[in-house]
Each structure stands twice: as C-alpha cells, then as structure tokens.
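Listed below, chain by chain, are the residues.
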Amino acid sequence: MSEGAPASARIAAELRRRIASGDLAPGARVPSTRAIVQRYGVAMATATKVLTALRNEGLIRSVPGVGSVVVGSVVGDTAPARTVERPVRRRSSPGTALGADAIVGAGIAVADAEGLAALSMRRVAAELGAAPMSLYRHVRDKDELLLAMMDAAIGELALPEPPDDWREGLEVAARALWSGFRRHPWLPSALSLTRPQLLPGALTYSEWVLAVLARAGWDPTTTFTTHLTVFTFVRGLAMNLEPEAEAEAASGLTDDEWMSGQEAALEALVADGRHPNFTRVLSSMDFDLDLDALFEFGLQRLLAGIAATS
C-alpha cells in the first residue's frame, strides 16, 4: 500500500497481514484502540477506523470483557486454530435427574453469559436439556430461582479470617464484593439496599464485615452505617458492568471505541464556550475510564474519609 494512503488504511493493512500470516491466530487479541494510538502515534478516531474496518471485513469481533479478537480461520492462516473461551454451560444429559443445584447453576450460567433479561424458566430448561415444567418440581417460580442464584453467587465470596485492623478488613471485603460482581455482572441490579432480600450468603458476608468493624469500637449505628456505605459504593459502581457488557455485545464496540466516535459531537457541544472548566480538564489529560481503576480510586478515598472521621 502506498505511503500516501490514510493512516487507518495502512495500519489496517498491517494487521490484516498479521492475521493472514498466522501471527495473529484465530482467538488472539488484536491491539486495542489505545494500543494503536500509542504504537502508531495516531488519533483515537483513526484507531477506531482501523478496528471498524477489520470488523466489517469479518476478520475480528468484540468479546465483552476481553476486547477485539481474531475470528475463525482465514485464507493463508498457517497457525492452528484457537477458540475464544466462552462461559461453561451446565447441561444435563437427557434423562439425568434434575436437582435444585443444577437448576441454579444453569440459571447463573444464563445470566452470566446473556444478562438477567435472558433469564426464564424455559431458557434454563433449555440449558439443562429438560422440559420446562420439570423445573417446577424443584423451584417454585422464577423469583425463587433468582433468589437462589443470588444466594449462591454471594456465597462464592472468598473471605479469610477477619484481620485485626478494621480498615484492612473493609478493604478485603470491598475487593471480594467487587470480584463477585465482576464474575456475575447481573448481581448488583438484582440486590436491593432498601428492601434487602433475606439471603444466607448475604448474611454471612455482613457478619464478616461487622466482625471486622467491631474492632473499631464504634456505636452500633455508626458500625452498620459504615458497612452499608462501603457496600453501596461497590454495588453502585458495579451497576455499570452488565449494561456495558450488553452495549459492547450489541454494538461491537468497546467503551474506548464508542467514546472515540463521540469526539466530534462532544467538541460541537462545548464549542460555545459555556463549559470552560469541563473543556479545560478534558483537553489537558489522557483519561481512560477504567472501572477497576475507578473502584481503586474511590475505595481508598472512601476508607480514608471513614478513618478521618472515626
């Protein structure tokens, strides 16, 4: 390709050659928009055009939580085919006796892979290779199934022996909760703060946190309010996980790629000069909206604020 070709076309051609040669084999991650920006010194919009072109040609696809990966086998591919890992399906063989655990596991698999909106008794039955009505011998209805799924998901949280330091304990609890929400993005929206579901797993988590906070010597109201404040912070941020995964799957664009496509509209929105502080801050930094980084930033400052006022 000639040197006079647009930068996006030249970069796309290079990645196309790497895919065809097997250097980027099926299932391999391709550079993200941010990686392309850093490597080639181009604008984010140019990097987005590169991945969009390859996606339109059917060479790559977006995988929520992973990024853009090479699809299938391509002409000239000399490397052995690799597949992208997918959520494990809990299917029962025809005739296998159903049980509540198997039904709950299948429900979690559906919600993890497709979101809570996809959950239904019929959908879970299909995962298990069973008749829908057979599930009702073990689970009364979808509401009962969801409660059991929530309890099982919370029960996965790995918590060690409570440390002596209350701040260290709160940090451990918050990280465990964030990891749990990461594994099950549907869980934050299913949980209620104002009308909490009576879940044994949630009670176990609260008991652990309250045991840690007992070391601080606070009154009961301060102790319980602190527990709820940290829980609400983690849950509130995690509420973005499932919508982002759904949006990425529907659009084929990562959040970085989508944001770069809004640059022109954003520039037009602030062109009248009525938002000088917003314009100044955004134009003077290289901001990457990373939810994990935002969690770390917020958690440390939240804990510091609790410590300062205790």
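Everything numeric in this text was worked out from a predicted model, so none of it was measured.

### With respect to the overall build of the chain
The helix and strand tally for the chain stands at 16 helices and 2 strands. Burial statistics for the chain: of 310 residues in total, 37% are counted as buried. Expressed as a percentage of contacts within the chain between residues at least 6 apart in sequence, the contacts between residues at least 24 apart total 70%. Accessible surface, the chain: about 17100 Å² in total, of which carbon and sulfur atoms supply 57%.

### Observations regarding helix 5 (residues 121–128)
Within the sequence span of helix 5, burial applies to Met 121, Val 124, Ala 125, Glu 127 and Leu 128. Down the axis, helix 5 shows its buried residues gathered within 155° of arc, on one side only. In this structure, the buried residues of helix 5 make contact with helix 4 (100–114), helix 6 (132–135) and helix 7 (142–155). Just beyond helix 5, the residue with positive phi is Gly 129, at close to 65°.

### Observations regarding the packing of aromatic side chains
Using the criterion set out here, one finds 3 aromatic pairs in the structure. Measuring from ring centre to ring centre gives 4.9 Å for Trp 178 and Phe 295, while their planes differ by 5°; the resulting arrangement is stacked. Of the two residues, Trp 178 sits in helix 8 (residues 166–183) while Phe 295 sits in helix 16 (residues 291–309), which places them 117 residues apart along the sequence. Considered together, Trp 178 and Phe 295 belong to a single accessibility category, that of buried residues. Taken together, the aromatic side chains of Trp 178, Phe 233 and Phe 295 make up a single cluster linked through ring pairs. Above the plane of the ring of Phe 297 lies Arg 301, whose end atom (NZ or CZ) is 3.6 Å from the centre.

### Brief notes about the pattern of salt bridges
Summed over all chains, the structure comprises 11 salt bridges. Between Glu 156 and Arg 183 there is a salt bridge, with its nearest N and O atoms 3.4 Å apart. Taken together, the residues Glu 156 in the loop between helix 7 and helix 8 and Arg 183 in helix 8 connect sequence positions 27 residues apart. On the basis of relative accessible area, Glu 156 is assigned to the partly exposed category, the value being 37%. Assessed through its relative accessible area of 39%, Arg 183 is described here as partly exposed. Residue Arg 182 pairs with Asp 292 through a salt bridge whose shortest N-O separation is 2.8 Å. You can see Arg 182 sitting in helix 8 and its partner Asp 292 sitting in helix 16, a full 110 residues away along the chain. Overall, Asp 292 belongs to the partly exposed group, its relative accessible area being 32%.

### Looking at a nonpolar patch on the surface
On the surface, a cluster of nonpolar side chains totalling about 420 Å² of accessible area is made up of Leu 266, Leu 269, Phe 278, Val 281 and Leu 282. Position of Leu 269 relative to the elements: it lies in helix 14 (residues 263–269). The exposure class assigned to Leu 269 is exposed, which follows from its relative accessible area of 58%.

### Details of helix 8
If you check helix 8, its first and last C-alpha atoms are 26 Å apart, about what 18 residues at 1.5 Å a residue would give, namely 26 Å. Of all the residues in helix 8, the buried ones are Trp 166, Gly 169, Leu 170, Ala 173, Ala 174, Ala 176, Leu 177, Trp 178, Gly 180 and Phe 181. Put simply, Asp 165 is the residue that caps the front of helix 8, since its side-chain oxygen is 3.3 Å from the backbone nitrogen of Arg 167.

### Some points on the nonpolar core
Counting 50 residues, the largest nonpolar core has Leu 145, Met 149 and Trp 186 as its most contacted members. Mapped onto this core, the elements with two or more residues apiece are helix 4, helix 5, helix 7, helix 8, helix 9 (187–190), helix 10 (200–213), helix 11 (220–238) and helix 16. Here this core gets 7 residues from one element, more than from any other, and that element is helix 8. Ignoring any residue separated from it by four or fewer positions in sequence, one finds Met 149 in contact with Val 104, Gly 107, Ile 108, Ala 111, Leu 119 and Trp 186.

### Overview of the environment of Leu 237
Here Leu 237 lies in helix 11. Look at Leu 237 and you get buried, because its relative accessible area is 10%. Taking the C-alpha atoms as reference, Leu 237 lies 9.0 Å from Trp 178; in sequence the two are 59 residues apart. When neighbours within four sequence positions are excluded, Leu 237 is seen to be in contact with Trp 178, Leu 291, Leu 294 and Phe 295.

### A short note on the environment of Arg 39
Considering the arrangement of structural elements, one finds Arg 39 in helix 2 (residues 33–40). Judged by relative accessible area, Arg 39 falls into the exposed class, the value being 53%. Sequence-distant contacts of Arg 39, that is, excluding residues within four places in its chain, are made with Glu 14 and Arg 18. Side chain to side chain, Arg 39 and Glu 14 meet in a polar contact 3.3 Å long.

### Details of the packing of helix 8 against helix 16
When two helices pack together, their arrangement is given by the angle between the helix axes and the distance between those axes. Contact geometry for helix 8 and helix 16: axes closest at 11 Å, N-to-C directions at 155°. Relative to helix 16, the element helix 8 lies roughly antiparallel. Where helix 8 crosses over helix 16, the two elements pack in a sense that is right-handed. Contacts from Trp 166, Arg 167, Leu 170, Glu 171, Ala 174, Arg 175, Trp 178 and Arg 182 of helix 8 reach helix 16 at Leu 291, Asp 292, Phe 295, Glu 296, Leu 299, Gln 300, Leu 303, Ala 304, Ile 306 and Ala 307. Tallied by class, residues from the contact of helix 8 with helix 16 come to 11 nonpolar, 1 polar and 6 charged.

About the criteria used
Residues numbered from 1 in each chain as written. Predicted model: local features only at pLDDT ≥ 70, side-chain atom pairs only at ≥ 80, totals over all residues. Heavy atoms only, no water. Helix = DSSP H or I, 4+ residues; strand = E, 2+ residues; numbered from the N terminus. Buried < 20%, exposed > 50% of the residue type's maximum accessible area, 1.4 Å probe, protein only. Contact = heavy atoms within 4.5 Å. Areas by Shrake-Rupley, 256 points an atom, 1.4 Å probe, with all protein chains shown as cover. Arc of directions from axis to C-beta. Phe/Tyr/Trp six-rings, centres within 6.5 Å; stacked < 30°, edge-to-face > 60°. Lys NZ or Arg CZ within 6 Å of the ring centre and 35° of its normal. Salt bridge = Lys/Arg side-chain N within 4 Å of Asp/Glu carboxyl O. Patch = residues over 30% accessible without salt bridge, like charges linked within 9 Å, V, L, I, M, F, W, Y side chains within 5 Å. Expected span 1.5 Å × (residues − 1). Polar contact = N/O pair within 3.5 Å; in protein donor to acceptor, adjacent residues only side chain to side chain. Core = buried A, V, L, I, M, F, W, Y, C linked by side-chain atoms within 4.5 Å. Axes fitted to C-alpha atoms, helices over the stretch in contact; angles between N-to-C directions. Parallel < 35°, antiparallel > 145°, perpendicular 65-115°, else oblique. Left-handed = near helix turned anticlockwise from the far one by under 90°. Nonpolar A, V, L, I, M, F, W, Y, C, P; charged D, E, K, R; others polar.

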